[in-house]
Amino acid sequence: MRMAEFSLSLEDPKLIKSVVESIESLVEEASIKVDPEEGFAVRALETAKTALVQVLLPREVFSKFEVPERRFFGVNFTELARLLKRAKPSDVVHLEIEGTTMAVRLVGDYTRRFTMRLYGGEEFELRPLNVNFTAGARIVSSEFPRIVQDLKVKGSEVTLSIDRESVRFSAGAEGGEGEISLPRDSPVVLDIWVDEPARSMYSLAFLEKMVKPAAISDELSIQLASDKPLKLFYALPGFSKAGVTYYLANLSL
Amino acid sequence: MRGIVPAHPIDLVDLTGRKIALDAYNAMYQFMAKIRQPDGSPLMTTWGEITSVHSGIFYRTANLLAIGMIPVYVFDGEPPAFKSATIAEREERRREARELWLEAREAGNLEEARKYAQQAGWLTEDMVADAKEILRLMGVPVVQAPSEGEAQAAHMADRGDVWAAGSQDYDSLLFGAPRLVRNLTLSGRRKLPGRKEYAEISPEVIELGEVLSSLGITREQLVVVGLLVGTDYNPGGIKGIGPKRAVQLVKRAGTLEGVLREVGWPFDVDPTELLEFFLNPPVTDDYEVGLSPPSEEDLLKFMVEGHQFSESRVSKTLAMVREAYKRLRSAGGLEEWL
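Residues numbered from 1 in each chain as written. Chains lettered and ligands numbered in written order. Predicted model: local features only at pLDDT ≥ 70, side-chain atom pairs only at ≥ 80, totals over all residues. Heavy atoms only, no water.

A. Highlighting helix α8 (residues 208-215) of chain B. Residues and elements named next belong to chain B. Of all the residues in α8, the buried ones are Leu 208, Val 211, Leu 212 and Leu 215. The arc enclosing the buried residues of α8, seen along the axis, measures out at 90 degrees, which places them on a common side. Summarising the contacts, the buried residues of α8 are in contact with α7 (171-174), β9 (204-207), α9 (219-229) and α10 (243-253). A positive backbone phi angle near 70 degrees is found at Gly 216, which sits one or two residues after α8. (Buried < 20%, exposed > 50% of the residue type's maximum accessible area, 1.4 Å probe, protein only. Helix = DSSP H or I, 4+ residues; strand = E, 2+ residues; numbered from the N terminus. Arc of directions from axis to C-beta. Contact = heavy atoms within 4.5 Å.)

Listed below in C-alpha cells is the structure:
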C-alpha cells in the first residue's frame, strides 16, 4: 500500500471521538492544523460568533505522528464524527491524508476504511481571546455535564458567579429558581482564585454543547469576568496546555 | 431649529443593535395624537378607557425591537418651576382643541375633527402608569428622570450608555445629546396638516458635533440660539428672530449677556436660569438600560383582557418580541474579544 503524505495514529479512539464531537457540536466545518512541532490543532468560531472552540492535541498523544510539514485542511466535522462513531473501544484509529482525501482506518480484529474529502483549510494560530479574567476555578470535569443538566430543569440561561467562597450557578427566574453552589471545600472544587469576584450570564443551550470533553479530561478550568465571555478549558491528563478550550459570549443585555 | 441643523436620513437597519433613549412623553403624545379612528376619536375600550397610548407603546416598541433596536424609555420627573406657564398654556390649548374637536365631530366634519383631535391629545396618570407597565412586561428598560426626560436621555447618550437620544424635539441637542434620532416613534406615513396628502417620514440622525462645527458656534451658544428661537420654556422664542438670524446674532454678540444687550427678553422666566438649566440639568446615574425577558402571559392578559386588544394580533406581536429578545441578547458575540 502506498504511504500517505500525513499519517496519524491513536491507540485509544475515545480521545479523538470526544474531541471531534466537541467541535462538531458547534460547527459543521472547521480547519485543522497539523504541525511537526505543535501537533494537531483546531480553531473554529461558531457562525453567529457566540462561541469559539480551540483544540490542541500534542504529538505525544499519537502513537504515530508523521507530519513532514505544517499544513491546514478544511474538514467536515459532522462527517468525521459519523465515521469515528464506528470505532470500537479496542480499535486503533489511523488518519491518513493524501492530496485532498482523508482515510479513516479503524483497525481491530479486522480493518475498516472510510474516506472523506478535505477542503482548503483556513490558516490560524491558537491564541487566547483578549478577555481579562478576574476569577477562576478548577473543578472535577465529570461533574460539569451533570451541573448543566440540573440547571436545564429550571431555565435556559445561567448566571455563573465566582467569589472567594464558592462557584455558583443559578438558572430560572419567575417560575422558580435552580441554584447549584460548589463551596471551596467541596471535593469537586480543586482550586478557586479571585482577583475580583465575577458574575455573568450565559446560554445553557450553548453550555450544553460544551460538556463533551468531560469524557477525556479530569480537570475543567472555568475563567470568568463580570459581563464578559466565559472560558472553559478541559486539560488532557498529564498536559498543562493541551486539551479543549471553549469561549462563550455572555448574554449582554 | 429645523432650517439650520444638518440632518441625515438613516435606515432603520442602521439602528440594529443600538440602544436609544426615547423621550417617553414625547412618544406618548405622538401616539395619543396619531393613533385615532377616522372621526378623531382615540382608540377606546367598550367601557370608555382610551388606549391609543397602549397601542403605540406596545406595537411600535415591538417593531423597534424587531428591527434590532433597543429602546430605553425615559419618563419625565418633576418639571422645572419655570415650565408651569408652558404647561398651563398647553393645557389651555388642548382644552380648546378638545371643544373644537367635539363640535366638528358633531357637525360631521371629519377632516376638521381629525385635525383638532390631534391637538387635543392629553395624557392621564393612568395612561402613563399603563405605558410603564406594558414596557416592564415587554422587558424594555424604563428610566425615571429626576426632571426633564430629554435632559436625562441626553445625559445617557453623553455617557455612552445609549447610542443616541430619540425625540422629535430639538431641545435634546440643547441638553447636550451628542446624537439625536428623530421620527422613530412615528409610523412610516404622516398626514400633512390640512391636506389630504401623506408624507413619507423616515428617521433622521443629527450629530451635535456637526451642528456646532457647521454653525461655527459652541454648545453654550447653541443653547442661546435655542432660547432666541424658542424652547419648551419660552415657546415661540423672540418674535422676528428666526434660526438664521439667531445664529448671526449669537456669533456677533458671543454670549447670552451680549445678545440680551441687543434684544429684549419678553418672557417671565430668567434667561440666565434657562441657560444654566440646559447646560446642567438635574439628571441621575441610577438607571439600567438592559432588556429583560418578556413576561408573555402577563402581557397578553394585560393587553387582551385588560384593554380589549385583539388576542391574535397581540400574540403574533409577542412572538416577534420573543424572537427579537433572543437575537438581541447575544448580539455581537465574541467579535470584540477576537
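The structure having been displayed, the exposition proceeds.
B. Spotlight on the interface of chain B and chain A. Counting residues at the interface gives 15 residues for chain B, matched by 22 residues for chain A. Taking both partners together, chain B and chain A bury about 1500 Å²; carbon and sulfur atoms supply 60% of that area. Contact with chain A buries area across many residues of chain B, yet Arg329(B), Leu334(B) and Trp337(B) alone supply 52% of it, more than any other trio. Notably, a salt bridge pairs Lys49(A) with Glu335(B), separated by 2.7 Å at the nearest N-O pair. For the pair chain B and chain A, the number of links is three residue pairs in polar contact (both at pLDDT 80 or more). Top element by residues in the side of chain B that touches chain A is helix α14 (residues 311-329) of chain B. It accounts for three residues. Split by residue class, the side of chain B that touches chain A holds eight nonpolar, four polar and three charged. (Buried area = accessible area lost by both parts, 1.4 Å probe. Salt bridge = Lys/Arg side-chain N within 4 Å of Asp/Glu carboxyl O. Polar contact = N/O pair within 3.5 Å; in protein donor to acceptor, adjacent residues only side chain to side chain. Nonpolar A, V, L, I, M, F, W, Y, C, P; charged D, E, K, R; others polar.)

C. Representation of the sheet that holds strand β1 (residues 8-9) of chain B. Residue and element names in this part refer to chain B. Here seven strands make up an open sheet; going across it, the order is β1-β9-β6-β5-β2-β3-β4 and the pairing mixed. Strands at the two margins of the open sheet, each flanked by one partner only, are β1 and β4 (142-144). Pairing between strand β3 (residues 70-75) and β4: three bridges, direction parallel. By the bridge assignment for β4, Val 74 is matched with Val 143. Each of β1 and β9 touches α8; the most contacted strand, β9, lies at about 60 degrees to it. (Pairing = 2+ DSSP bridges. Axes fitted to C-alpha atoms, helices over the stretch in contact; angles between N-to-C directions.)

D. Spotlight on unusual backbone geometry. Residue and element names in this part refer to chain B. In this model, Asn 183 sits at a positive phi of 65 degrees, which is unusual for a non-glycine residue. Among the secondary structure elements, Asn 183 is positioned in the loop between β6 (179-182) and β7 (189-191). Since its relative accessible area comes to 8%, Asn 183 is described here as buried. Positive phi, close to 60 degrees, is recorded for Gln 308, a residue that is not glycine. Mapped onto the elements, Gln 308 comes out in the loop between α13 (296-307) and α14. Its relative accessible area of 38% is what places Gln 308 among the partly exposed residues.

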